[in-house]
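Residue-level structure breakdown
Spelled out, the chains give:
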Amino acid sequence: MASLKILVALAIFAVAFPSTLATEWVVGDSLGWRLKFNYNLWADGKTFVVGDTLVFNYKPKTHNVVKVNGTDFQACKVPKGAVPLTSGHDVIPLATPGKHWYICGFPGHCGSGMKLVITVLPELSPVPSPAPSPSSGTVSPVPSPSSGTVSPVPSPSSGEVSPPPTAPPPSAATGIAFSKCQAWFVGVFSILMMIMA
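These figures come from a predicted structure and were not determined experimentally. (Residues numbered from 1 in each chain as written. Predicted model: local features only at pLDDT ≥ 70, side-chain atom pairs only at ≥ 80, totals over all residues. Heavy atoms only, no water.)

Next up on the list: unusual backbone geometry. The phi dihedral of aspartate 29 is positive, around 50 degrees, even though this residue is not glycine. With respect to the helices, strands and loops of the structure, aspartate 29 is situated in the loop between β1 (24-26) and α2 (39-43). The backbone of lysine 61 shows a phi angle near 70 degrees, a positive value even though the residue is not glycine. Looking at the secondary structure, you find lysine 61 in the loop between β3 (53-57) and β4 (66-68). Assessed through its relative accessible area of 77%, lysine 61 is described here as exposed. (Helix = DSSP H or I, 4+ residues; strand = E, 2+ residues; numbered from the N terminus. Buried < 20%, exposed > 50% of the residue type's maximum accessible area, 1.4 Å probe, protein only.)

Let us now look at the sheet that holds β3. What the three strands build is an open sheet, ordered β1-β3-β5; its pairing is mixed. On the outer flanks of this sheet lie β1 and β5 (89-93), each paired with one strand and no other. With direction set aside, neighbouring strand axes in the sheet form an average angle of 20 degrees. Across three bridges, β1 lies against β3 in parallel orientation. (Pairing = 2+ DSSP bridges. Axes fitted to C-alpha atoms, helices over the stretch in contact; angles between N-to-C directions.)

All right, on to the side chain of histidine 100 then. As for its placement among the helices and strands, histidine 100 is situated in strand β6 (residues 98-103). On the accessibility criterion, histidine 100 (3% relative accessible area) is buried. There is a polar contact of 2.7 Å between the side chain of histidine 100 and the backbone oxygen of threonine 96. When residues no more than four places from it in sequence are discounted, the contact partners of histidine 100 are Lys67, Leu116, Val117, Ile118 and Val120. (Polar contact = N/O pair within 3.5 Å; in protein donor to acceptor, adjacent residues only side chain to side chain. Contact = heavy atoms within 4.5 Å.)

Moving on to the sheet that holds β4. Whether parallel or antiparallel, the strands of a sheet pair through hydrogen bonds between backbone atoms. Across the sheet, which stays open at both edges, the four strands sit in the order β2-β7-β6-β4 with mixed pairing between neighbours. Strands at the two margins of the open sheet, each flanked by one partner only, are β2 (48-49) and β4. Both β2 and strand β7 (residues 115-121) contribute to a ladder of two bridges, which runs parallel. The partner of phenylalanine 48 across the bridge, within β7, is valine 120.

With that out of the way, let us pick up the environment of tyrosine 39. Among the secondary structure elements, tyrosine 39 is positioned in helix α2. For tyrosine 39 and glycine 28, which are 11 residues apart along the polypeptide, the C-alpha to C-alpha distance reads 6.6 Å. Sequence-distant contacts of tyrosine 39, defined by excluding residues within four places in its chain, comprise Val27, Gly28, Gly32, Trp33, Arg34, Gly113, Met114, Lys115 and Leu116. Of note is the side chain of tyrosine 39, whose polar atom sits 2.5 Å from the backbone nitrogen of arginine 34.

What follows is the structure, encoded as structure tokens:
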């Protein structure tokens, strides 16, 4: 009985709090934010999504983090009025999609590798499931993936047999959502197994 309550509570939690799928990215992993490191190589192959966070770890007073634009990033220039982050454990929420540029504002540090550019994808949303086709002999409109237009497709009970409409391939964001969900549920399942053991 107690395990059923735990499962119900976890199911409610998973539905009510989808933001738990966000990823916290520690820039440079265990090496942190330091000189002579290729942060763009570190970011290569990672998928950053709105809702994720970046964490810059470094020894305070030796480095900082400044968000800049693409031009200032290329020039390793701190723009006037920019307020550097200096805590040594700077947590930056990724709130908007698009390119994001970060540098260390200490003289010479950006030129020595302390610069990071990432592309943030829009927030992941659940994939809508297709509507069921009517079982009467009526014709149901089905959007065509290539043209965006709606074309009638006879239902199977009308006597005509037609192949099901082809769905467009899932986007990269859909695959990311699935893998993050899958990882989250595996973790929750593991915890449940430990609790019930």
